[in-house]
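# Fold and geometry: a report
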Amino acid sequence: MKVFIVTLLLLISSTIFSFENDLVLKGGISYTAAKIRGISGTEDSLNGTGFNTHFGYKWVNWEINLSSYIFWGEAEDLTYRAQGTTYTGDGKLRHVSFGPTFKYTFNQFEPYKNWYLYAGLGPSWSLQTVKFDEPDDDQTVFDNNHKLTYESNGGFLFIGAEEQTKYKEMHPAYIEILYSYKKSRSLSVVDTTSTTETNIISTEESKQDLSGHFFMFTIGITIF
């Protein structure tokens, strides 16, 4: 009986933990369409370009990565609240999100030769910064040398197709569609006057003042 149990455990471990590609690093470019909500019922639809990276381990079917997605775009007509003051205006939005992702490849689904479908999910943490072009506020403490930085929580959900090659040195490619939802939890006002140091003027709870739905289309390759 003990021999049977040991053999069974060895078979299971060899199936789950046998590496196909071991350590992997992937990267590519992204196009993002997002709907962002500010306070007072304001919202904006925006588009942006950026890039994505994934670093982790790959098994036969499973893959665990630390994934990151970065994009930038233009936000318009959103209303924000900071330091007891309400701000409305247009500005440049920068978005950085990262987190662990868990991915499973369905080797039984091959829509194109040597390409297999996969799906995955994971939690995310992100930073969104808004630097106003011309802020509209009733105080003089906020100008175009300041920016708002939101820390947000959310999650990733994605599907895609990846090329399967004999060796990862052949740089297999992937195509992915990702959905992510974020809502803010804290806000910092940052002075960007100096290019050599960061001056945080204030930090406060944002009470989900900024939230958004993000849809990303990404393409990339295995770098190593």
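Look above for the structure.
The rules behind the values
- Residues numbered from 1 in each chain as written.
- Predicted model: local features only at pLDDT ≥ 70, side-chain atom pairs only at ≥ 80, totals over all residues.
- Heavy atoms only, no water.
- Helix = DSSP H or I, 4+ residues; strand = E, 2+ residues; numbered from the N terminus.
- Buried < 20%, exposed > 50% of the residue type's maximum accessible area, 1.4 Å probe, protein only.
- Contact = heavy atoms within 4.5 Å.
- Salt bridge = Lys/Arg side-chain N within 4 Å of Asp/Glu carboxyl O.
- Core = buried A, V, L, I, M, F, W, Y, C linked by side-chain atoms within 4.5 Å.
- Pairing = 2+ DSSP bridges.

## Section: unusual backbone geometry
Even without being a glycine, Asp77 presents a positive backbone phi close to 55°. Within the element layout of this structure, Asp77 appears in strand S3 (residues 62-82). On the basis of relative accessibility, which here comes to 52%, the residue Asp77 falls in the exposed class. Here the phi dihedral of Gln208 falls at roughly 60°; this positive angle occurs in a residue that is not glycine. One can find Gln208 in the loop between strand S8 (199-205) and strand S9 (211-222).

## So, the side chain of Ser186
As for its position among the elements, Ser186 is in strand S7 (residues 173-191). Assessed through its relative accessible area of 13%, Ser186 is described here as buried. If we ignore the near neighbours within four places in the chain, the residues touching Ser186 are Thr149, Tyr150, Glu151, Glu204, Glu205 and Ser206.

## Section: the pattern of salt bridges
This structure, assessed with the given rule, holds nine salt bridges. For Glu43, the salt bridge identified is with Arg37, shortest N-O distance 3.5 Å. Through salt bridges that share partners, Lys26, Lys58, Glu63, Lys103 and Glu162 make up one connected network.

## Details of the nonpolar core
Counting 25 residues, the largest nonpolar core has Ile36, Tyr80 and Leu148 as the members making the most contacts within it. Looking at which element gives the most residues to this core, the answer is S3, with six residues. In contact with Tyr80, other than residues within four places in its own chain, are Ile39, Ala75, Thr85, Thr86, Tyr87, Gly89, Val130, Phe132, Leu148, Tyr150 and Leu210.

## Side note on the pairing of S7
With 17 bridges joining them, strand S6 (residues 146-163) and S7 adopt antiparallel strand pairing. Across the sheet, Ser152 pairs through a bridge with Ser184, a residue of S7. As judged from the eleven bridges shared by S7 and S9, these two strands associate in the antiparallel manner. If you follow Ala173 over to S9, its bridge partner there is Ile221. Sheet topology note: the S7/S8 ladder contains six bridges and is antiparallel. The residue of S8 that forms the bridge with Val190 is Ile200.

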